[in-house]
Amino acid sequence: QVQLVESGGGLVQPGGSLRLSCAVSGTIFRINDMGWYRQAPGKQRELVAVISSAGLANYGDSVKGRFTISRDNAKNTVYLQMNSLKPEDTAVYYCNARDSRSRAFWGQGTQVTVSS
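Residues numbered from 1 in each chain as written. Predicted model: local features only at pLDDT ≥ 70, side-chain atom pairs only at ≥ 80, totals over all residues. Heavy atoms only, no water.

Undergrad: Quick one: what's the story with the overall build of the chain, residue by residue and with numbers?
TA: The number of helices and strands found in the chain is zero helices and 11 strands. The order of helices and strands in the chain, counted from the N terminus, is β-β-β-β-β-β-β-β-β-β-β. Over its C-alpha atoms the chain spans a radius of gyration of 14 Å, differing by no more than 12% from the 13 Å that the globule rule assigns to 116 residues. Evaluated residue by residue, the chain yields a buried proportion of 41% over its 116 residues. Restricting the contact set of the chain to residue pairs at least 6 apart, pairs at least 24 apart contribute 53%. (Helix = DSSP H or I, 4+ residues; strand = E, 2+ residues; numbered from the N terminus. Rg over C-alpha atoms; globule rule 2.2 N^0.38 Å. Buried < 20%, exposed > 50% of the residue type's maximum accessible area, 1.4 Å probe, protein only. Contact = heavy atoms within 4.5 Å.)

What follows is the structure, given as structure tokens:
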């Protein structure tokens, strides 16, 4: 059974920073892409950032220049450094991993709230 466990969410003031972590455990074939998605109340889930096993990253337009995704392949862990946070970044953030068989796995989500 594959599990993705996220951590690092919380409440932060506008302009602040948070770092999310997601560790993948269990029996899983080679992990290809890992990424972060988010869903705000009343909105569809959207891509935040994705990173390939080779370290190539892509970002959603709304977070470019503010967020940085990285991964540690030895630990099967992906990170999301979020800087210059805005109230519109408030959402539940979900970790995603895709294996070499193109199966997608999701974490349970972690709440990020940006408010003064």
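Undergrad: Can you break down the packing of aromatic side chains residue by residue, with the values?
TA: Enumeration over the complete set of coordinates arrives at one aromatic pair. Measuring from ring centre to ring centre gives 5.1 Å for Tyr37 and Trp106, while their planes differ by 65°; the resulting arrangement is edge-to-face. Placement of the pair is Tyr37 in strand E4 (residues 31-39) and Trp106 in strand E10 (residues 104-106), with a sequence separation of 69 residues. Among the residues examined, Tyr37 registers a relative accessible area of 23% and is labelled partly exposed. (Phe/Tyr/Trp six-rings, centres within 6.5 Å; stacked < 30°, edge-to-face > 60°.)

Undergrad: Kindly report on the sheet that holds strand E3 (residues 18-25), identifying the contributing residues and their values.
TA: Pairing is antiparallel across the open sheet formed by four strands, whose spatial order is E1-E3-E8-E7. Strands at the two margins of the open sheet, each flanked by one partner only, are strand E1 (3-7) and strand E7 (67-72). Going across the sheet, the axis of each strand differs from the next one's by a mean of 15°, ignoring polarity. Across six bridges, the pairing between E3 and strand E8 (residues 77-82) is antiparallel. When the bridges of E8 are listed, Leu18 appears paired with Met82. (Pairing = 2+ DSSP bridges. Axes fitted to C-alpha atoms, helices over the stretch in contact; angles between N-to-C directions.)

Undergrad: How would you explain the environment of Gly9 if you had to name every residue and give the values?
TA: In this fold, Gly9 is placed in the loop between E1 and strand E2 (10-12). According to the relative accessible area criterion, Gly9 is partly exposed, its value standing at 34%. Distance in space between the C-alpha atoms of Gly9 and Val112 is 5.0 Å, their sequence separation being 103 residues.

Undergrad: Can you lay out the pairing of E1 for me, pointing to particular residues and giving the numbers?
TA: Put simply, side chains in a regular strand alternate between the two faces of the sheet. Of the two faces of E1, only one is covered, namely that formed by Leu4 and Glu6; the face formed by Gln3, Val5 and Ser7 stays uncovered. Sheet topology note: the E1/E3 ladder contains five bridges and is antiparallel. Paired with Leu4 across the strands is Val24, a residue of E3.

Undergrad: Got a sec to walk through the nonpolar core? Specific residues and values, please.
TA: One finds Trp36, Leu80, Met82 and Tyr93 to be the most contacted residues of the largest nonpolar core, which totals 29 residues. Secondary structure elements with two or more residues in this core: E3, E4, strand E5 (46-51), E7, E8, strand E9 (91-99) and strand E11 (110-114). (Core = buried A, V, L, I, M, F, W, Y, C linked by side-chain atoms within 4.5 Å.)

Undergrad: So what about the state of the cysteines? Which residues, and what values?
TA: For the structure on display, the rule yields one disulfide. At a sulfur-sulfur separation of 2.1 Å, the disulfide partner of Cys22 is Cys95. On the sign convention where negative means left-handed, the S-S torsion of about -85° between Cys22 and Cys95 marks this disulfide as left-handed. Of the two residues, Cys22 is situated in strand E3 and Cys95 in strand E9; the sequence distance between them amounts to 73 residues. The exposure class of Cys22 is buried, given its relative accessible area of 0%. The class for Cys95 is buried, based on a relative accessible area of 0%. (Disulfide = S-S within 2.5 Å.)

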